[in-house]
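An overview of the molecular structure
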Amino acid sequence: LIEHKNLSYPIYIEAGALERLGEMLLTFYQGREVFVISDRTVFGYYRDALFAALAAYSVETVIIEPGEGSKSLSTYEDVARRLIEKGIRRDHLIIAFGGGVVGDLAGFVAATLYRGIRWVQVPTTLLAQVDSSIGAKVGVNLPLGKNLIGAFHDPELVLIDPKLLDTLENREYNNGIAEMIKAALIGDPILYERLKENERVGIEEIDRAISVKKRIVLEDPYEQGLRMVLNFGHTFGHAIERAHGYKTYKHGEAISYGMLIALLVGIERKITPKALYDDVKDLLFARGLVELPLLERKDYVKEIAYDKKQRADGLRFILIKDIGQAVIEQVDL
Ligand SMILES: NC(=O)c1ccc[n+]([C@@H]2O[C@H](COP(=O)([O-])OP(=O)(O)OC[C@H]3O[C@@H](n4cnc5c(N)ncnc54)[C@H](O)[C@@H]3O)[C@@H](O)[C@H]2O)c1
C-alpha cells in the first residue's frame, strides 16, 4: 500500500484496493448512502465487486454510456436529474467509478450540484490512475472544443487498484503508458528506465507517475505557470486529435506524435540531445503508440492557433533538456 498524503486528499494505491473502499470511506464519511456514477462497461465488469466493497452502505447507481460522448452538458444534466430523483442530498457522497470520462463528468457534477458535494474517485483506466484522477480538474466538453466547461474540485479520496486494469483493452492500456512516458520525460528518469524494461506496470510505476504530476500540481494548483509542463507533447497532440475529429488517434497516441515533434523542436534549438529523440521514438514504437509515417508538424500548425492554451504573444512550448528535465520556451508558430 502506497499513501500520498500531502495533497489535500489522500491517494491510496494497492492491488485489491477496491475491496477496502467501504472501510476507507469510514474515515471521513458518516452517512449511510453513497451514489456511484460509472459507465456501462466498467459497471458490467465490476458491479459485484463494487457492491461487495460497499456492503455496509445503501448504494444508488447512475450508469452512463462509455466514451467521450458522455462528457457533455446533456449527460451532465441527465446525471444530475437522476441523482436528484434518487434522493441525493448535499451531505451525501458521490463515487466516480470509471476512466477519465466518468471521473471528469462525475467530478463536475459533484463540484456543481447543490454548489458542491463531496466525492471520491476510483479510477479504472491506467490513464485515469496516473493522470486524470490527480489534480482535481473536472469538467465536460462543448461541441466547440474539449474541456471548455469545468471546475477544480478536490475529491476526499482517490483509491487506485491496479488489478482493475486486467480487463482493460491493450490500446487503452498503452494510452495510459503514453502519459506515463510523458511524466517520466518531464520528471523521472528512473520511471523512464522502468517503462523501457517492463511492458506492464505495477504500483511502483503508477506511484512514480503520480508523484511527478503531484509535485507539479502542488507547486501550481490553479495552472498559472509551472503546471503547463504537464502539457509536454500536448500542443501538437491536441491539434492532431482535433484535426482528425477525435476518431483516428487516441489521446495517448496523439500526444506520442506530439512528444516526438516537441523533441525535434528541442533538437533544432539545441536543447534536446538527438539520441534522446531516437530512444523515445523506439519506446513509442514498441508500445504501438506511433507508426510510420510519423505525423509532421507542418500539417497541424494551423490547428494550434485554436488551442486555448496559446497566448496572444506567441506559444509557450515545453521542451526536454534531458530525461526528467523540462523547460518552458517561447516559440514562434
Ligand atoms: N481531469 C484531468 O486532469 C484529465 C487529465 C487527462 C485526461 N482527462 C480526460 O480523461 C478522458 C479520457 O479518459 P480515459 O482514457 O480513461 O477514457 P474513458 O473513461 O473513456 O475509458 C476508456 C474506455 O475504457 C473502458 N474502461 C474503463 N475502465 C475499464 C476497465 N477497468 N476494464 C475494461 N474497460 C474499462 C471505458 O468503458 C471506455 O470505453 C478524456 O475525456 C480526457 O479529457 C482528464
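Just above, that's the structure.
Residues numbered from 1 in each chain as written. Predicted model: local features only at pLDDT ≥ 70, side-chain atom pairs only at ≥ 80, totals over all residues. Heavy atoms only, no water.

**Description of the pairing of strand β5 (residues 93–98)**
Here is the rule: Residue exposure (1.4 Å probe, protein chains only): buried if accessible area is under 20% of the type maximum, exposed if over 50%, otherwise partly exposed. What counts as a helix is a DSSP run of H or I of at least four residues, what counts as a strand is a run of E of at least two, and both are numbered from the N terminus. By this definition, two strands are paired if DSSP reports at least two bridges between them. Place the viewer so that the strands point away; then a crossover is right-handed whenever the path from the first strand over the helix to the second strand goes clockwise.
With six of its six residues buried, β5 lies for the most part within the structure. Neither face of β5 is exposed, since L93, I95 and F97 on one face and I94, A96 and G98 on the opposite face are all buried. Bridge count between strand β3 (residues 33–39) and β5: five bridges; the pairing is parallel. In the strand pairing of β5, S38 is matched with F97. When β5 meets strand β6 (residues 118–123), the two strands line up parallel, connected through six bridges. Bridging across to β6, L93 finds its partner in R118. You can see the chain leave β5, run along helix α4 (residues 100–112) and come back into β6, and the turn it takes is right-handed.

**Remarks on helix α2 (residues 40–53)**
Formally: Each helix should span, by expectation, one fewer than its residue count multiplied by 1.5 Å. For a residue, the bend is simply the angle between two axes, fitted respectively to the seven-residue segment ending there and the seven-residue segment starting there. Throughout, a residue-residue contact means that at least one pair of heavy atoms, one from each residue, lies within 4.5 Å. What qualifies as a polar contact is a pair of N or O atoms within 3.5 Å, subject to a donor-acceptor requirement within protein and to the restriction that residues adjacent in sequence count only when both atoms come from side chains.
With 14 residues, α2 should cover 20 Å at 1.5 Å per step; its first-to-last C-alpha distance of 19 Å lies within 8% of that length. Remark: the principal bend of α2, roughly 70°, maps to Y46. Against α1 (21–25), β3, β4 (58–64) and β5 lie the buried residues of α2. A distance of 3.0 Å separates the backbone nitrogen of T41 from a side-chain oxygen at the start of α2, and that oxygen is part of D39.

**Notes on the site of the ligand**
Definition in use: Residues are labelled near a given molecule or strand when at least one of their non-hydrogen atoms is within 4 Å of it. Note on areas: Shrake-Rupley, 1.4 Å probe, and residue coverage restricted to the protein chains presented here.
D39, G100, T124, T125 and T167 are the nearest of the 26 residues found near the ligand. Interatomic distance of 2.9 Å between a side-chain N/O atom of K71 and an oxygen atom of the ligand. Taking V101, its main chain carries an N or O atom lying 3.0 Å from an oxygen atom of the ligand. Here the ligand loses 87% of its free accessible area of 870 Å² to cover by the protein chains. When residues of the shell around the ligand are traced back to their parent elements, those giving at least two are α2, α4, α5 (126–132), β8 (145–152) and α6 (170–187).

**So, the side chain of D104**
Inspection of the secondary structure puts D104 in helix α4. Here D104 is in contact with K71, S132, K137, V138, G139 and N147, once residues within four sequence places are set aside.

**Some thoughts on the packing of aromatic side chains**
Put simply, the rule reads: Aromatic pairing here means that ring centres of Phe, Tyr or Trp (its six-membered ring) are within 6.5 Å. Orientation follows from the plane angle: under 30 degrees is stacked, over 60 is edge-to-face, and everything else is tilted.
Tallied over the full model, the rule gives six aromatic pairs. Measuring from centroid to centroid gives 6.0 Å for F236 and F317, while their planes differ by 80°, and the two rings are edge-to-face. Within this pair, whereas F236 is found in helix α9 (residues 234–243), its partner F317 is found in strand β10 (residues 315–322), the two being separated by 81 residues in sequence. Given the relative accessible area of 6%, F236 is considered buried. A residue is classified by how much of its surface remains accessible, and F317, at 4% relative accessible area, is buried. Taken together, a centroid distance of 5.6 Å and an interplanar angle of 75° make the contact between Y249 and Y257 edge-to-face.

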